[in-house]
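# An overview of the molecular structure
Letter by letter, the chains look like this.
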Amino acid sequence: MNPDRDSIFKEETTILEHLHLDGDQHILKLNSPDIASTALPGSFVHVECGPQFTLRRPISIMRADKNSGTIELLYKRLGRGTTALSEREVGEPLSLLGPIGRPFIPHPERKRPLLIGGGVGMPPMVFIAESLRSDSSYQPFAILGSEVPFPFPVTPSQMVIPGMPDGVIGSMPLLEDWGIPNRLASLQGYPGTHDGYVTDLARHWLDALTVEERSQVELFSCGPHPMLEAVATLAREYDLPCQVSLEEFMACGVGGCAGCVVQIETPQGPAMKRVCVDGPVFEATAVFGA
Amino acid sequence: MEKPSLSVDFCGIKMETPIVLLSGCVGFGEEYTRVNGYSNREIGAICLKGTTLEPRLGNTPHRIIETPGGMINSIGLQNPGAEHVINNILPNLDFSETRYIANISGSSVEEYGEIAAMFDDSPVDSIEINISCPNVKDGGAVFGNDPEVSARVVEACRKATTKPLITKLSPNQTDIANNAQHCIDAGTDAFAVINTLMGMSIDIDRRRPIIGNNQGGLSGPAIKPVALLKVHQVYQVCKDHNIPIIGQGGISNAEDAIEFIIAGATTIGIGTALFSDPLICSSINSGIEEYMRKHQTSSLSDLTGTLELNQAAPATPSCEC
């Protein structure tokens, strides 16, 4: 019998807020008590964008509040499904399946999580950051990258981060409010951001740590595949554990169709693993090699 | 009038409802139980993931893409091999919940027989012969599109098992009814009609097919009219032999299901529709019951093949203008 029986809810939610931001980015806040109560960092929901679509669309959860029974999603309008989704209005219902997927699992002995999110890979990093707030023994650092305007007002940080290049002071206010240091990177020259890659900042940060501090680092990342590959290369170079969240075209979202697989390496050889229920979070070494 | 009963007898298999979950859509039978509110007890039977003699890694991603009114898939029969399925998966299934049907694919006629023999000595209720998979080079439709070869595959399986055999027919052939007749003569007990239609989707920026395998099988509401006609055609050769049909292809509500039953199906297959609504079987079951009450039908089998064709139109008068 499946040990995960009854773990995914089909929930008819209500749209509480729908923010439309620059760069075709949108933030949905939904009344979704069942999903909010069991979602974990890395979980996603499978969203019905409209009756005209045969398939749902997988979207990462950015925040889940058990107390208020709400979740927040950040998504980018890319194709027909997300275009239809972007036209949904506050008060309308929205059918979700979720929470789905194996989450990010921090190792308790690694007290310096390095969170690296790119584009619509930022939301799971926000979720991890919020989940780590309850344990003050963690000292996370977040690096966010975007090639469209960041989906929040870039604000000068009050926190000093050793190793950061001059002028790289922009931060995400929400993380800053939570006391989680963070910096931003982009190739678009946005003020206060690093003009380069997220991995440049990661390298600066790692190099500024002592050997002892660096041994406590673990990387968590979500974003475009080339970025994840660069993050995995960095982790390998510094001999640090790294978990990455992947995406792939998806049909059922519950493990039935094997449509969303990625090839990973296992001790038994190559295997096709389902992003939906075997992932979306995988060890970087399994995806990109040890 | 008696209370409508959804239970059906499908070539000796007693099913609690007429819904069969289709191979390749629901893994090895337990995947959808992840969804709160879903129950295998609402399902008549589950066709397990297509199984080959040796393990298969399956095709390179992307494996699926949405298309208008449907989707294309090319999974490539990813599976852990027959021995693993029989020894490690079947023992963990709860056979009190529903009926389980193995789905087998071989790379030769003899291999089909070999896998059928392996499943003969297993608890599955039936064996579905997949001679119509569009997504593998060394099997599948190679067998299913030639009636003579289809018959040889069925014959090999028939010799290997006493379990009911269901032959899954391809729509990608010239005369599906002719193929069905050959399979009946070779000893099939039932049919699944239809497998997916071959299709392609292209990324116009990259000028490449989106599907890693270039082409795949089209499913979903877009293929329903095709499937319905194929069921009607196959039923014409089945009805005199008492050979039942799983009607499948784009069914996404009770009305669709009833259309297939009227066309000649004894049970109805649900696949792609589950992807948008994993709880759809419950509403299809109740919709069928409602139809049976409205039409004062107590047994679903009374509806099978009740289609009355329109009279052929008279010849068009010659134009005198």
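Residues numbered from 1 in each chain as written. Chains lettered and ligands numbered in written order. Predicted model: local features only at pLDDT ≥ 70, side-chain atom pairs only at ≥ 80, totals over all residues. Heavy atoms only, no water.

### Details of the overall build of chain B
Secondary structure assignment for chain B yields nine helices and 16 strands. In terms of C-alpha radius of gyration, chain B reaches 19 Å, essentially the compact-globule figure of 20 Å for 321 residues. In chain B, which comprises 321 residues, the proportion classed as buried is 61%. Long-range pairs, those at least 24 residues apart, make up 72% of the contacts in chain B with a sequence separation of at least 6. Put simply, chain B shows about 13000 Å² of open surface, and 48% of that area lies on carbon and sulfur atoms. When the 22 basic and 37 acidic side-chain charges of chain B are each reduced to a single mean position, those positions are 5 Å apart. (Helix = DSSP H or I, 4+ residues; strand = E, 2+ residues; numbered from the N terminus. Rg over C-alpha atoms; globule rule 2.2 N^0.38 Å. Buried < 20%, exposed > 50% of the residue type's maximum accessible area, 1.4 Å probe, protein only. Contact = heavy atoms within 4.5 Å. Areas by Shrake-Rupley, 256 points an atom, 1.4 Å probe, with all protein chains shown as cover. Lys, Arg positive; Asp, Glu negative; His and termini not counted. Charge placed at Lys NZ, Arg CZ, Asp CG, Glu CD.)

### Observations concerning the side chain of B:S105
Relative to the elements of secondary structure, B:S105 occurs in the loop between β7 (99–104) and α2 (109–120). When sequence neighbours within four positions are dropped, the list of residues in contact with B:S105 reads B:T51, B:T52, B:L53, B:L77, B:Y112, B:I115 and B:N130.

### Digging into the domain arrangement of chain A
Quoted interface sizes are often the accessible area lost when the parts come together. Residues and elements named next belong to chain A. When its domains are assigned, chain A resolves into domain 1 (3–100) and domain 2 (112–288). When each unit is reduced to the centre of its C-alpha atoms, the spacing between domain 1 and domain 2 is 22 Å. Buried area between domain 1 and domain 2, summed over both chains or domains, comes out near 2000 Å², and the portion from carbon and sulfur atoms is 71%. The largest share of the area that domain 1 buries against domain 2 comes from P41, M62 and R63, three residues that together contribute 26% of it. Counting the contacts that link domain 1 with domain 2 gives one salt bridge. Where E130 meets R63, a salt bridge forms, and the shortest distance between an N and an O atom there is 2.9 Å. At the boundary of domain 1 with domain 2, the tally comes to four residue pairs in polar contact (both at pLDDT 80 or more). Contributing elements (two or more residues each) for the side of domain 1 that touches domain 2: β2 (25–31), β3 (44–47), β4 (57–65), β5 (70–76) and β6 (93–100). Looking at which element gives the most residues to the side of domain 1 that touches domain 2, the answer is β4, with six residues. (Domains from an automatic or database assignment. Buried area = accessible area lost by both parts, 1.4 Å probe. Salt bridge = Lys/Arg side-chain N within 4 Å of Asp/Glu carboxyl O. Polar contact = N/O pair within 3.5 Å; in protein donor to acceptor, adjacent residues only side chain to side chain.)

### Observations regarding the interface of chain B and chain A
Taken together, the contacts link 39 residues of chain B with 35 residues of chain A. In total, chain B and chain A occlude about 3100 Å² of area from one another, counting both sides; carbon and sulfur atoms represent 54% of this. In this assembly, chain B and chain A are joined by seven salt bridges. At the boundary of chain B and chain A, one finds 24 residue pairs in polar contact (both at pLDDT 80 or more). With four residues, the top contributor of residues to the side of chain B that touches chain A is strand β5 (residues 64–67) of chain B. Residues that form the side of chain B that touches chain A fall into these classes: 14 nonpolar, 17 polar and eight charged. (Nonpolar A, V, L, I, M, F, W, Y, C, P; charged D, E, K, R; others polar.)

### Concerning unusual backbone geometry
Cis peptide bonds are those with omega within 30 degrees of zero, and the linkage from A:G279 to A:P280 qualifies with 5°. Inspection of the secondary structure assignment puts A:P280 in the loop between β16 (269–274) and β17 (281–283). Following B:V193, the chain continues into B:I194 via a peptide bond in cis, with omega recorded as 15°. By secondary structure assignment, the location of B:I194 is in the loop between β10 (190–193) and β11 (197–199). With phi around 60°, A:D24 is a residue other than glycine that occupies positive phi space. A relative accessible area of 34% places A:D24 in the partly exposed class. At B:N242, a position not held by glycine, the phi torsion is positive, near 60°.

### Things to note about the environment of A:A290
All names here are of chain A. Within the element layout of this structure, A290 appears in the segment after α8 (284–288). Of the residues examined, A290 reaches a relative accessible area of 84% and is grouped as exposed. For the pair A290 and V148, spaced 142 residues apart in sequence, the C-alpha separation works out to 32 Å. Residues within four places of A290 in sequence aside, it is in contact with R236 and T285.

### Concerning the environment of A:T54
Assignment of secondary structure puts A:T54 in the loop between β3 and β4. Under the relative-accessibility criterion, A:T54 is labelled buried at 9%. Sequence spacing of A:T54 and A:A251 is 197 residues, and the spatial spacing of their C-alpha atoms is 8.7 Å. Not counting chain neighbours up to four residues away, the residues in contact with A:T54 comprise B:E66, B:T67, B:G69, B:G70, B:T272 and B:S276. Within the structure, A:T54 has its side chain in polar contact with the backbone nitrogen of B:G70 (distance 3.0 Å).

### Here we look at the packing of aromatic side chains
Going through the model one piece at a time under the given rule, you end up with seven aromatic pairs over all chains. Ring geometry for B:Y32 and B:Y38: centres 5.9 Å apart, planes at 50°, overall tilted. No difference in accessibility class separates B:Y32 from B:Y38, as the two residues are buried. Centroid distance B:Y112 to B:F143: 5.1 Å. Interplanar angle 85°. Geometry classified as edge-to-face. Note that B:Y112 is positioned in helix α2 and B:F143 in helix α3 (residues 141–144), a separation of 31 residues in sequence. With a relative accessible area of 0%, B:Y112 lands in the buried category. Members of the aromatic cluster, each reached through a chain of ring pairs, are A:F150, A:F152 and A:Y190. Just above the ring of A:F53 sits the side chain of A:R57; from NZ or CZ to the centre is 5.1 Å. Looking at A:K111, its charged tip hangs above the ring of A:Y138, at a distance of 4.3 Å from the centre. (Phe/Tyr/Trp six-rings, centres within 6.5 Å; stacked < 30°, edge-to-face > 60°. Lys NZ or Arg CZ within 6 Å of the ring centre and 35° of its normal.)

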